[in-house]
Amino acid sequence: MSEPTFDDIFDELIDVNEELQGFLATLDSLLPEASTLLLSEADVLLAGAHPLALSPVARERLAGEARKASGFVAGKADNGACCQAVYLAKLSAVLIISSAVAPEDDWLSGAASVSLLRNTLDLALYRQEREMLVADHEQSVRQINLLQQQHDKLIKDNYRQYRLNQDREKEYARKLESEIAKQTAELREANARLEEISRLKSDFLANMSHELRTPMNAIIGFSELLSEASLTEEQLDYARTISQSAASLLTLINDILDLAKIEAGKLELEYLPFDLAELVGNVAAMFKIPAREKGVAVSCQIDSRIPKRIMGDSNRLRQILINLAGNAMKFTEQGGIDILIDYDREAAGQIVSRFAVRDSGIGIPADRVEAIFEKFIQADGSTTRKYGGTGLGLAICLQLVELMGGRLMVASEVGRGSTFSFVIPLAEAPAEIISVKEPRDACHEKTGGGRILLVEDNAVNQRLASILITRQGYEVEVASDGAESLEHLRNQAFDLVLMDVQMPNMDGMEATRRIRAIEADPALRQDYVGLRARQQPLAIVGLTAHARKEDEDACYEAGMNGFLTKPIVKAKLALILSERMPA
Ligand code: ADP
């Protein structure tokens, strides 16, 4: 059987007719002989155990009078017996009552009887009311029980749901944990793979840089030598073309390697003192000849509040300025190019300075201004055909400037010119620091006698370096690897060793470490003619195609006291030899 619902319960709530019926039944029990009629508000007619016979007209009239009157209204039943009508406010109904079933038993005629009747009616009403209350009470108890049952059921349901949710949550958390653990493991693996790839990439880069620079070394060196030989005009033109093409190829190789290095996060900036005015002057000087040929003026200007000697990576700053000034020169046919360095403000003990390269050239269309900073992108498709270039320069400058803590920007107007600028903090170099790497002016070069041991495994490079050294007026002896260099030192004295780093058998690092160890041991030193009589340690200059800072650092750590990158640039070789060779 289905459980009772609220609707069922409220259906049972007191029905008006039922209430009237109950009253009549109570009255019947109090006045078993009386005949009764009850007329509800809605004109429903109900009769007691002995229905009173009364014509509808008489009934309506009597009921109407009773509703108006405050007490009993006397009337006559159809059988002639006396009857009384009274309005029962509590039931909103009119009761018409006759004393007995038979007219002869009429006890309602006396006033006392009417009063008795009133009391009886009140009693019936009270009883009826009490029964109603009892019924109500029972109804309420049933409702309360039902509510209690439903409440208990809800609590049980809730608890069951709560347990279910908890189980689900636990299951979900367990799955989540295992999923996270799985993904973490996958990420770790992917990360390790990436690290390995990145390591391989950087090794590859280092090797590529070696592989690419070694032949470039030969091409540039020999074409330079060739240009100096006695050649016909045509031959000289060929040699110069080779030289220039090799130089642009080397620039491109350097750009690509630089970019790869920056992107691999491997590019570290140096922090050494240098002379800013000298650097900017050198950059401007580089463009003097093309400027004169084009009829374009080149100027540079540095705010006097900017310290003369500053700390930083002079090579990279030079690279940025050369790139920007090179572009300015390339895209300017008339007017001028200005390299400007302005004082911006002082912050945290540093001079924040604004570098700008301004030109009066062709300008850049507004919709191309963002694109030109991307790799391999030029302002318009015809640029390469007309002006050459690869679209790498600005991408490199952008990254280098960011590494220096600034942002490269451009303001440009087509047909009027462009200004590339960046703001970077500059720290003043402490007075006591004197750079060991400060480039010396070419006029300080000296050539002279002296013996140099060239340690180099590549035959072409041996030849080229030997020629360059001899042309500087020095004697040269060649060893093909580190072990051979030690043998040479055992039997001969030298003023300087030019030591290639990457060689078979024994590399340049190992050979340098051994030379320094021999120098430090008086007993061992006796076996080496090249080392035993020396007052000062032998000068060893590293010679390597690796141009990374860590390679340079490694050379110094191994005990070298100079560093030259390949391809060997004649001027740089001359400079370092003049610095390191005895006067
Ligand atoms: P490249 O000069 O090798 O093409 P860059 O990255 O240095 O590569 O420059 C990208 C492009 O930006 C150039 O090809 C040119 O279209 C534009 N550009 C750069 N500098 C200037 C300038 N000073 N004036 C006009 N256009 C310029």
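Scroll up to find the structure.
Overview of the structure. Since the structure is predicted, the reported quantities are computational estimates derived from the model, not experimental observations. (Residues numbered from 1 in each chain as written. Predicted model: local features only at pLDDT ≥ 70, side-chain atom pairs only at ≥ 80, totals over all residues. Heavy atoms only, no water.)

1. A short note on the packing of helix α5 (residues 233-263) against helix α10 (residues 393-403)
Worth spelling out the cut-off: A fitted line through C-alpha atoms serves as each axis, taken over the contacting stretch for helices, and the angle formed by two N-to-C directions is quoted from 0 to 180°. Note on conventions: DSSP H or I runs of at least 4 residues are helices, E runs of at least 2 residues are strands, and numbering of each starts at the N terminus. The cut-offs work like this: below 35 degrees is roughly parallel, past 145 is roughly antiparallel, 65 to 115 is roughly perpendicular, and the gaps in between are oblique. Working rule for handedness: look at the near helix, and if it is turned counterclockwise from the far one by less than a right angle, call the crossing left-handed; if clockwise, right-handed. Any two residues whose heavy atoms approach within 4.5 Å are treated as being in contact.
One way to put it is that α5 packs onto α10 with a least axis distance of 10 Å and a crossing angle of 40°. Taken together, the axes of α5 and α10 are oblique relative to one another. As for how α5 packs across α10, the hand of that crossing is left-handed. Listed contacts from α10 to Asp 255, Asp 258, Leu 259, Ile 262 and Glu 263 of α5 are Ala 395, Ile 396, Gln 399 and Leu 400.

2. Here we look at the packing of aromatic side chains
The following threshold applies: What counts as a ring pair is set by centres within 6.5 Å for rings of Phe, Tyr and Trp (its six-membered ring), and what kind of pair is set by the plane angle: stacked under 30 degrees, edge-to-face over 60, tilted for all other angles. Categorising residues by exposure relies on relative accessible area from a 1.4 Å probe, with only protein chains included: less than 20% of the type maximum marks a residue as buried, more than 50% marks it as exposed, and the intermediate range marks it as partly exposed.
Tallied over the full model, the rule gives three aromatic pairs. Each ring, one from Tyr 159 and one from Tyr 162, has its centre 6.1 Å from the other, and the planes form 35°; the classification is tilted. Here Tyr 162 and Tyr 159 lie together in helix α4 (residues 111-228), a separation of three residues that amounts to about one turn. Between Phe 373 and Phe 420, the ring centres sit 6.2 Å apart and the planes meet at 70°, which makes this aromatic pair edge-to-face. Separated by 47 residues along the polypeptide, Phe 373 in the loop between β10 (350-359) and α9 (383-387) and Phe 420 in strand β12 (residues 417-428) bring together distant segments of the chain. There is no split in this pair, since Phe 373 and Phe 420 are both buried.

3. Here we look at helix α17 (residues 570-580)
Of all the residues in α17, the buried ones are Leu 573, Ala 574, Leu 575, Ile 576, Leu 577 and Ser 578. Looking at the buried residues of α17, the elements they touch are β13 (451-455), α11 (459-471), β15 (496-500), β16 (539-544) and β17 (562-565).

4. Focus: the site of the ligand
Selection rule: Working definition: residue near molecule or strand if any one of its non-hydrogen atoms lies within 4 Å of it. For this analysis, a polar contact is any N or O atom pair within 3.5 Å, provided that within protein one partner can donate a hydrogen and the other can accept it, and provided that sequence-adjacent residues contribute only side-chain to side-chain pairs. Residue-level accessible areas treat just the shown protein chains as cover; the underlying method is Shrake-Rupley with a 1.4 Å probe.
Near the ligand there are 21 residues, and of these Asn 327, Asp 359, Gln 378, Ala 379 and Leu 394 occur at the shortest range. In the model, an oxygen atom of the ligand is placed 2.7 Å from a nitrogen or oxygen of the Asn 327 side chain. Interatomic distance of 3.0 Å between a side-chain N/O atom of Lys 330 and an oxygen atom of the ligand. For the ligand, the accessible surface in isolation is 530 Å², of which the surrounding protein chains cover 97%. Broken down by secondary-structure element, the contributors of at least two residues to the shell around the ligand are α8 (314-330), α10 and β12. At three residues, the largest contribution of residues to the shell around the ligand is made by α8.

5. So, the sheet that holds β17
To keep things clear, this is the line we draw: One bridge is not enough; two strands pair if DSSP finds at least two bridges between them.
A sheet is described by the order of its strands in space; here five strands give the open sequence β14-β13-β15-β16-β17, paired in parallel fashion. The open sheet terminates on both sides in strands that have one partner only, identified here as β14 (475-479) and β17. Taken over all neighbouring pairs, the strand axes of this sheet differ in orientation by 20° on average, direction set aside. Both β13 and β15 contribute to a ladder of four bridges, which runs parallel. When the sheet's bridge partners are listed, Val 455 is paired in β15 with Met 499. Across the sheet, helix α12 (residues 482-491) lies against β13, β14 and β15, angled at about 130° from β14, the strand it touches most. Where α17 meets the sheet, its contacts fall on β13, β15, β16 and β17, and the angle it forms with β17 comes to roughly 170°.

6. Some remarks on the environment of Val 569
Mapped onto the secondary structure, Val 569 falls in the loop between β17 and α17. For Val 569, a relative accessible area of 40% translates into the label partly exposed. Separated by 349 residues in sequence, Val 569 and Ile 220 have C-alpha atoms that sit 8.3 Å apart.

7. Section: the packing of helix α6 (residues 276-286) against α8
Just so we agree on the cut-off: For this classification, the nonpolar set comprises Ala, Val, Leu, Ile, Met, Phe, Trp, Tyr, Cys and Pro, the charged set comprises Asp, Glu, Lys and Arg, and every other residue, Gly included, is treated as polar.
Interaxial distance between α6 and α8 falls to 10 Å at its minimum, and their mutual angle equals 35°. Crossing hand, α6 versus α8: right-handed. In this structure, α6 contributes Leu 276, Leu 279, Val 280, Val 283 and Met 286 to the contact, and α8 contributes Ser 314, Leu 317, Arg 318, Leu 321, Ile 322 and Ala 325. In terms of residue class, the contact of α6 with α8 is made up of nine nonpolar, one polar and one charged.

8. Focus: the environment of Gln 399
Structurally, the position occupied by Gln 399 is in helix α10. In this structure the C-alpha to C-alpha distance between Gln 399 and Ile 320, which are 79 residues apart in sequence, comes to 9.9 Å. Beyond its immediate chain neighbours, meaning those up to four positions away, Gln 399 contacts Ile 262 and Glu 263.

9. Details of the nonpolar core
Inclusion rule: Here the nonpolar core consists of buried residues drawn from Ala, Val, Leu, Ile, Met, Phe, Trp, Tyr and Cys, with membership extended through side-chain atoms lying within 4.5 Å.
Counting 45 residues, the largest nonpolar core has Leu 276, Leu 317, Leu 321, Leu 324, Phe 355 and Phe 422 as its most contacted members. Those elements that provide at least two residues to this core are α5, α6, α8, β9 (336-347), β10, α10 and β12. Looking at this core element by element, the count peaks at seven residues for α8. Apart from residues lying up to four places away in sequence, Phe 355 is in contact with Leu 276, Leu 317, Leu 321, Leu 340, Ile 341, Phe 420, Ser 421, Phe 422, Ile 424 and Leu 426. With 23 residues, the next largest nonpolar core counts Val 455, Leu 489, Met 509 and Ile 515 among its residues.

10. Re unusual backbone geometry
In this structure, Ser 92 is a non-glycine residue whose phi angle is positive, near 50°. Positionally, Ser 92 belongs in the loop between β4 (82-88) and β5 (93-98). For Ser 92, a relative accessible area of 29% corresponds to the partly exposed category. Of note, Ala 348 is a non-glycine position whose phi angle comes to about 50°, a positive value. Turning to its location among the elements, Ala 348 is positioned in the loop between β9 and β10. A residue is classified by how much of its surface remains accessible, and Ala 348, at 82% relative accessible area, is exposed.

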